[in-house]
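Okay, here's what each chain looks like letter by letter:
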Amino acid sequence: MVEKKPARGRPRDPALRRKIIAAAAALLDEGGITAVTMEAVAAKARVGKPTLYREWPNAQALAMAAFLETTRAQKPRTGKTRPLDALREQLRAIARGFSTRSGRNTAMMIAAAQHDSELAKVFRNRFIMARREEGRTLLARAIAAGALRVDTDPDLALDLIYAPLYFRLLIGHGPLDAAFTDAILDAALKGLGNPRKR
């Protein structure tokens, strides 16, 4: 998995990192994945290329980091929300993130990557698995609240809920929007419990 390389020398300046990520995100949004090169990001952020290479091994890793930071900022706050409502909002937030130009460009980058590539591993571990863990926590809360059957299999439920979303994201055969994510959740809840009890 391509994670951040340990910085050599003095610690990374958080403000400088935010500046670099913002530059990469802007390039991804403006011109797609091909626009995100180390040269272009360095020029836009007004830093030297060695500064970029201290943390990211290549432009694809930097583009993915920019996308992950952007989606992290867009995540809804669900701490005090009823668990199934929170899950609904999480799915909508994923759809919103990928409906942007940078989100569509990132999806294209992921679809073109080999399954076992470092890029695919980063996306799987830092985006998909992170969202599944959030979902697992919300399902546990829903089961404890009596909104889902006590015999609900969390892994099977997570697959039922998330798999159609990522299939549509990568295949692109239909719109990825709130109406779709709501329909996914409602269909899954018909088999898992009463969707009105949250």
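Cut-offs used in this document
Residues numbered from 1 in each chain as written. Predicted model: local features only at pLDDT ≥ 70, side-chain atom pairs only at ≥ 80, totals over all residues. Heavy atoms only, no water. Helix = DSSP H or I, 4+ residues; strand = E, 2+ residues; numbered from the N terminus. Buried < 20%, exposed > 50% of the residue type's maximum accessible area, 1.4 Å probe, protein only. Expected span 1.5 Å × (residues − 1). Polar contact = N/O pair within 3.5 Å; in protein donor to acceptor, adjacent residues only side chain to side chain. Axes fitted to C-alpha atoms, helices over the stretch in contact; angles between N-to-C directions. Parallel < 35°, antiparallel > 145°, perpendicular 65-115°, else oblique. Left-handed = near helix turned anticlockwise from the far one by under 90°. Contact = heavy atoms within 4.5 Å. Nonpolar A, V, L, I, M, F, W, Y, C, P; charged D, E, K, R; others polar.

Looking now at the environment of R82. On the secondary structure map, R82 appears in the loop between α4 (59-74) and α5 (83-99). Given a relative accessible area of 48%, R82 falls into the partly exposed group.

Attention shifts here to helix α1 (residues 14-31). Taking 1.5 Å per residue, 18 residues should reach 26 Å; α1 reaches 26 Å between its end C-alpha atoms and fits that length. The complete set of buried residues in α1 reads R17, I20, I21, A23, A24, A25, L27 and L28. For α1, the N-terminal capping position is held by D13, with its side-chain oxygen 3.0 Å away from the main-chain nitrogen of A15. Positive phi shows up at G32, right after α1, with a value of about 85 degrees.

Here we come to the packing of helix α7 (residues 118-144) against helix α8 (residues 154-171). α8 packs onto α7 with a crossing angle of 135 degrees between their chain directions and a minimal axis gap of 10 Å. One finds that α7 runs oblique with respect to α8. Considering how the two elements wind past one another, α7 and α8 form a crossing that is right-handed. On α8, the residues that touch F123, F127, I128, R131, R132, G135, R136 and L139 of α7 are P154, D155, A157, L158, D159, I161, Y162, Y166 and L169. Split by residue class, the contact of α7 with α8 holds 11 nonpolar, 1 polar and 5 charged.

Function cannot be inferred from these measures alone, as they are strictly geometric.
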